[in-house]
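# Architecture and fold: a report
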Amino acid sequence: MSADIPVGDVRHLVNPENPFAVGKYYSRPAPVHVLNGMLAAALGVGDESDNIRRMFRVKADRGDIDESLFPFLQRSDIWAESRSEFDTLRRDLRVVFDPDRKVYPTRGSPFPVHPGFITKDESDDGFGPLVWQMIKEYGAEETTLTDVVTNTASEDPISVAAEIIASKSDVQGKRQVPKGDNAWFTDRGPQAGSVLAESLSRFIYGTLKPKKRGPQRLLQLQHLGRAGYLSTVLSVVLGPATWRNDEGQDSVNEIGSLVVWAGTPPGDPNHAFVKASKRSFQDAIVSLQEGLSRALEEAVTDQKVASTVPDDEVASSKLRAQYIQGGGDPDRYSRIRKYCREAGIDISGERLDREACGRLVTAGYDGSLLTSAVRSMGNKIGFVGPSRGAASPRFVCETPLLATLVRGLCPSKGMPFKEFIDKARDQLGLIFGVGSDDRIAERLPFWEGGGVGRDLLKKNQDRLKYRLVRSGLATEYSDGNTEVRYDY
Amino acid sequence: MIDEMRKFLASRKVTEAFSAELRETITVPTGLESAVEAALGKKENVVIAGDAGSGKTHLLGNLVEKFRGDGFEVVEWEETINSESTSDTIRIIEDATEVLDLLDGDVLETSGEAGPVAVAINEGPLIQLAKDYPGSGWERALDMLRSMQRGVEPERQSGLPVVFNAAGYDPVAGDAVASILAIDEIHQVVEESQCGCDPAICPRRQSWRLLKKKAVRKRVNEVVDLANLHGQSVLFREIWNFVADLVLGGRCDESPGTSAWFWRVFNGDSELSRRIREAADPKYVVYPGAEAHLWYGDLTTDRINLVSELSHSDIDPPAGPIPYDEPSQYEWLKSELFFIVEADSMVEVLSEEVDVDLRNAVEGQRTEKVVNAINRYMTYGTSRNGSDAHELQLWTDLGIQKRLERVRGQVSLGRARTSSFKLRRSVAVGNHPDRSVELPGPRNYLVHQGGETSFLLTARALDLIKGGRSYRTSDRPHTDMEWFMTRFFIDVADALPGIGELQVLNLDFDRMEGERRRYSISRELNSIAPASD
């Protein structure tokens, strides 16, 4: 769908405060792209990663590959003698190292099982380095990421093969983290932004501990990928909301509450709880727009312009400064002026009001586009469903994502199920059930009343318990206690 | 005693309310008692975990009586806190929840001077004590309990308590239901039923005659075993509630009489009855060649073979053909037949409803068959049946993104010999000094001997494995099970030495074919080459 102002332009406007805003091609950033981007910013790029990428693409001509970088090709005559054998090898390596099919002829992100595989691919739309910037602000250390990617001493065949392939690819040249001094997750952002960022960082960090060796490391990398991507989606959805109401929130659900259907996704569309989850999704989109508008209003107000600017051009000049600060091309600002003129948005005077900012935001980020964007991104890790069709999107939790939640939220000794419900709510804003908060149903506007909501939440909670037990992520004891635990 | 039994059946079945006489009457042999007795006799500390419905308090109470009768001093543990006890004193904690505040990390520490401790404790308080006292006997008891619940044999170590998982014990495997139904006092309660019917036509009393036959009682026990299909334990309290409903539930004046025990097995008000009905419904059982005879009330036909203890005079045929507008009468009749028709096993009777092939393999400990089935499942049925029975291939893929289209292939983390796996049931006792003591639980696991990892083989999982792996991403039950399986494979791979081989499976779903390629890989030689066959 086309926006009234190109999405890219509105993105530039909101970018300084909300760098996790989606771009025009919102369906492009895939989880492995974001993981790759995060590692590229934290550790650096494999200097021969482009050659490795071409190795995985049979369609790339053999001549495009610098075979001197792959000593194993000289160890066996078969690779030189038989083109079909060589192509079969490349096809098989792609099955192993590009399971998400995100390696393309000229760019791409293989599964980063070895640091030499990390590419400079920007298909993540900048989200990967942003996630790194965010978690680095809250105590993450490069060594933690280094361990999970570089500990290739395992004897599992995937790690061994990766080490052989990447034997001549060293890591260097970190990907630049975009400047975002005013972003919601920095110390110049709102207090709620710090709460959200710190929570997401702890979640991502939680997937990396305890350190894993051997094939367990591969699973840990998958969890890191999912956790990083979920954090991206939550940053897209909740990041702007941190600007809305900064009144000393202590937990993420005070910033935004996302009601998640805990049964088998995507759920019966006529089920009362699924309907509540749909409303929650819609509410999140509205809140996202309002947050962007408010942040833009405040940011434009705070922009500094030369004292010589006439009074009736101050607002426009500030808007232009905001646009440029967000990475916009100064020569293209005229498109925004033109739109404002045609749409009757008053940017004369000294100040841009909330309504004007809101109209500017929705001109690029209308509800339909944001819904499609969040749906597309969330669906990639099983956080939003259904995958396709006309049915309204809602928050769900596919089993691999559920496992990542357990991995990231639970301590290694496990935790009672009720505490898990509470932690998902407080740390990530995900509402699965009542937990220990009996009043939560009354605070949420997604059902007819507190009593109805409480009943729905309790049943949803039971569904989650059942799925956790069935997936081996929880143990239900005969006395009714249930323990959520990842490692046994 | 009959009145007391009737009151007991109608009650909440709390063990503290029993008289000693009633306790003795309702006690059925399980093997748990002798195992606990043996452990305490060897001065080992004993932890009995599980809730009251699992029979742990009842078990401990019986033992107290026995040990006192044998001349031992048995005292409540809290009496010994500030006083001395000798090594011949058995200290008991009948319910740890009631004295939780008095318990510390040293309760289970072995001391030559003090006698053994026997404690009954719910799992929740045990988890709490383990957290509060890391490194203590509580924590080690909890670790053992967790291993037992996963079918993994806990490490034996002297100085650690003997742990009984009362909730994990399978009373049905020990024929507990059949034993309970043989209790004379229960038969007398039925005979003296207060329903007000003429005993000659009372459906409750007339149907109960069948339960005087051992073969029929055994059949009931087998039917209750169906409730284990999903790997959920059947507790003693559930069994007693089930029996109580058979004895007291339903109405004689309905048509057909819902008080008939065989009707209530599947349609009663107890939780166990509900679970049995989920697993098997007698109305779907087919009796080839006999259905028409049944409908017209001809139970003497030679197309119906009764179990050997029964003759046709033992059963009440309906008076003439069943009216077409009363199909429930037909279902009622089929319920009765369910228990009296000749068959090698209940599973044979239910062969239309339950997939028996893999289930029999699990029961028969045929590991190769199970491994072969998992291999076929993980390769989407593209491997030849029977070709992969000798080793389990640990297929995986490294995808992060949710699958929205068919996979192109997968990679193996290695292969583990079938001989390194065992089919085990969950166990109800851990660290017993007598290695021959084995009390099986209701769950079946595929256990890898090299590490402490296991894969739960519920009936549902076996159905999914047998039914084949779906490449449709919308088939969620597969997703949940496959996550469990992935974890299992990773843990198995973790325990394997490197094999120097990379195996890849390319899949063509249009032709339902899979092409496997193996490569020799060597880090030391920095080489990848096609593997020689």
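Refer to the structure above for everything that follows.
Residues numbered from 1 in each chain as written. Chains lettered and ligands numbered in written order. Predicted model: local features only at pLDDT ≥ 70, side-chain atom pairs only at ≥ 80, totals over all residues. Heavy atoms only, no water.

## Focus: the sheet that holds strand β8 (residues 474-476) of chain A
How we decide: For two strands to be treated as a pair, DSSP must find at least two bridges joining them. Here a helix means four or more residues in a row that DSSP labels H or I, a strand means two or more in a row labelled E, and each is numbered from the N terminus.
Ordered by their spatial adjacency, three strands build an open sheet running β6-β9-β8 (chain A), and the pairing between neighbours is antiparallel. Strands at the two margins of the open sheet, each flanked by one partner only, are β6 (415-416) and β8 of chain A.

## A few points about the packing of aromatic side chains
In this description, a pair of aromatic rings is defined by centroid distance and the angle of the planes. Short version of the rule: Only rings of Phe, Tyr and Trp enter the pairing, Trp through its six-membered ring, and a pair is recorded when the two centres are within 6.5 Å. The plane angle decides the type: under 30 degrees is stacked, over 60 is edge-to-face, the rest tilted. A 1.4 Å probe rolled over the protein chains alone gives each residue an accessible area, and that area as a share of the maximum for its type sets the label: buried under 20%, exposed over 50%, partly exposed in between.
Tallied over the entire structure, the rule returns 24 aromatic pairs over all chains. The interplanar angle of 65° and the centroid separation of 5.9 Å between the aromatic rings of Phe20(A) and Phe185(A) together place this pair among those described as edge-to-face. With Phe20(A) in the loop between α1 (7-14) and α2 (31-42) and Phe185(A) in the loop between β2 (171-172) and α10 (191-206), this residue pair connects regions lying 165 residues apart in the sequence. With a relative accessible area of 2%, Phe20(A) lands in the buried category. Geometrically, the ring pair formed by Tyr323(A) and Tyr333(A) is tilted, given 5.9 Å between the ring centres and 50° between the ring planes. Remark: Tyr333(A) occurs in helix α14 (residues 333-343) and Tyr323(A) occurs in helix α13 (residues 314-325); sequence separation between them is ten residues. For Tyr323(A), a relative accessible area of 0% puts it in the buried group. In this structure an aromatic cluster arises from ring pairing among Phe421(B), Phe455(B), Phe484(B), Phe488(B) and Phe489(B).

## Considerations on the packing of α13(A) against α14(A)
Packed helix pairs are characterised by how far apart their axes lie and by the angle those axes make with each other. All names here are of chain A. Threshold: Fitting a line to C-alpha atoms yields each axis, with helices limited to the stretch in contact; the angle taken between N-to-C directions then spans 0 to 180 degrees. Each angle is binned into one of four classes, with values under 35 degrees roughly parallel, values over 145 roughly antiparallel, values of 65 to 115 roughly perpendicular, and all other values oblique. Each crossing is labelled by how the near helix is turned from the far one, with a counterclockwise turn of less than a right angle marking it left-handed and a clockwise turn marking it right-handed. Only heavy atoms enter the contact rule, under which two residues are in contact if any of them lie within 4.5 Å. Under the scheme applied, nonpolar residues are Ala, Val, Leu, Ile, Met, Phe, Trp, Tyr, Cys and Pro; charged residues are Asp, Glu, Lys and Arg; polar residues are all the others, including Gly.
At their nearest, the axes of α13 and α14 sit 10 Å apart, and the two run at 135° to each other. Here α13 lies oblique to α14, going by the angle between them. Pair α13 / α14 crosses with right-handed handedness. Note on element contacts: α14 touches α13 through Tyr333, Ile336 and Arg337, opposite Ser316, Leu319, Arg320 and Tyr323. Residues belonging to the contact of α13 with α14 are distributed by class as follows: four nonpolar, one polar and two charged.

## Let's talk about the sheet that holds strand β13 (residues 513-522) of chain B
Residue and element names in this part refer to chain B. Strand order in this open sheet of five strands is β6-β7-β12-β13-β14, and the pairing throughout is antiparallel. Either end of the sheet is taken by a strand with one partner, and the two such strands are β6 (391-396) and β14 (527-530). Mean inter-strand twist for the sheet, computed between neighbouring axes without regard to direction, equals 35°. Summarising the sheet, β6 and strand β7 (residues 409-417) pair through five bridges and their orientation is antiparallel. Along β7, the bridge assignment pairs Gln393 with Arg415.

## Points about the pairing of β13(B)
Residue and element names in this part refer to chain B. Relative to β13, strand β12 (residues 501-508) runs antiparallel, the two sharing eight bridges. Each residue of the ladder has a partner; that of Val504, found in β13, is Arg517. In this structure, the hairpin formed by β12 and β13 is closed by a connection of four residues, where Met512 is found at a positive phi of approximately 50°. Two strands pair when backbone bridges link them, and β13 and β14 are joined in this way by four bridges, in the antiparallel orientation. The residue bridging Ser522 from the neighbouring strand is Ser527, located in β14.

## Section: the side chain of Ser154(A)
In plain terms, the rule: Identification of polar contacts relies on pairs of N or O atoms within 3.5 Å, with a donor-acceptor requirement for protein atoms, meaning one able to donate a hydrogen and the other able to accept it, and with residues adjacent in sequence counted only if both atoms are side-chain atoms.
Mapped onto the elements, Ser154(A) comes out in the loop between α8 (142-150) and α9 (157-165). At a separation of 2.4 Å, a polar atom in the side chain of Ser154(A) contacts the side chain of Asp156(A). In this structure, Ser154(A) is in contact with Ser159(A), Val160(A), Gly214(A), Pro215(A) and Arg523(B), ignoring residues within four places of it in sequence.

## Remarks on the interface of chain B and chain A
This is how the line gets drawn: Buried area: the sum, over both parts, of the accessible surface (1.4 Å probe) that disappears when the two are put together. When a carboxyl oxygen of Asp or Glu is within 4 Å of a side-chain nitrogen of Lys or Arg, the pair counts as a salt bridge.
Facing 59 residues of chain B, the contacting portion of chain A comprises 76 residues. Of the roughly 5800 Å² buried at the junction of chain B and chain A (both faces included), carbon and sulfur atoms supply 57%. Remark: the boundary between chain B and chain A carries ten salt bridges. Between Arg517(B) and Asp92(A) there is a salt bridge; the shortest N-O distance is 3.9 Å. At the boundary of chain B and chain A, one finds 24 residue pairs in polar contact (both at pLDDT 80 or more).

## Quick notes on the packing of α10(A) against helix α17 (residues 399-409) of chain A
Residue and element names in this part refer to chain A. Direction vectors running N to C along α10 and α17 enclose 100°, while the axes themselves pass 7 Å from each other. Viewed along their axes, α10 and α17 adopt a mutual orientation that is roughly perpendicular. Here α10 contributes Arg202, Phe203 and Gly206 to the contact with α17, which in turn contributes Thr404, Leu405, Arg407, Gly408 and Leu409. Here the contact of α10 with α17 is built from residues that sort into three nonpolar, three polar and two charged.

## Observations concerning the environment of Gly115(B)
Residue and element names in this part refer to chain B. The topology assignment puts Gly115 in the loop between β3 (89-93) and β4 (117-121). Overall, the relative accessible area of 4% leaves Gly115 in the buried class. Taking the C-alpha atoms as reference, Gly115 lies 5.4 Å from Ile90; in sequence the two are 25 residues apart.

## Some details on the environment of Lys214(B)
Within the secondary structure, Lys214(B) sits in helix α10 (residues 214-225). C-alpha separation for the pair Lys214(B) and Leu333(B), spaced 119 residues apart in sequence, amounts to 21 Å.

## What about the pattern of salt bridges?
According to the stated counting rule, one finds 50 salt bridges over all chains in the structure shown. The salt bridge involving Glu442(A) is made with Arg439(A); its shortest N-O contact spans 2.9 Å. Arg439(A) gets classed as exposed once you look at its relative accessible area, which sits at 52%. Overlapping salt bridges, with partners in common, bring together Glu85(A), Arg91(A), Asp92(A), Glu515(B) and Arg517(B) in one network.

## Remarks on the pairing of strand β5 (residues 162-165) of chain B
Residue and element names in this part refer to chain B. Of the two faces of β5, both are covered, the one formed by Val162 and Phe164 as well as the one formed by Val163 and Asn165. Direction of pairing for strand β1 (residues 46-49) relative to β5: parallel, over a ladder of four bridges. Looking at the pairing, Ala49 lines up with Asn165 of β5. By the bridge criterion, two bridges tie β5 to strand β9 (residues 429-430) in an arrangement that is antiparallel. When the sheet's bridge partners are listed, Val163 is paired in β9 with Gly430.

## Things to note about unusual backbone geometry
Among all residues save glycine, negative phi is the norm, and among peptide bonds the norm is trans. Pro266(A) follows Pro265(A) through a cis peptide bond whose omega is -5°. Position of Pro266(A) among the secondary structure elements: in the loop between β3 (258-259) and α12 (272-302). A cis geometry characterises the amide bond from Gly385(A) onward to Pro386(A), with omega recorded as -5°. One can find Pro386(A) in the loop between β4 (384-385) and β5 (394-395). With phi around 60°, Tyr380(B) is a residue other than glycine that occupies positive phi space. One can find Tyr380(B) in the loop between α18 (367-378) and β6. A positive phi is found at Asn526(B), a non-glycine position, where the angle reads about 55°. With respect to the helices and strands, Asn526(B) occurs in the loop between β13 and β14.

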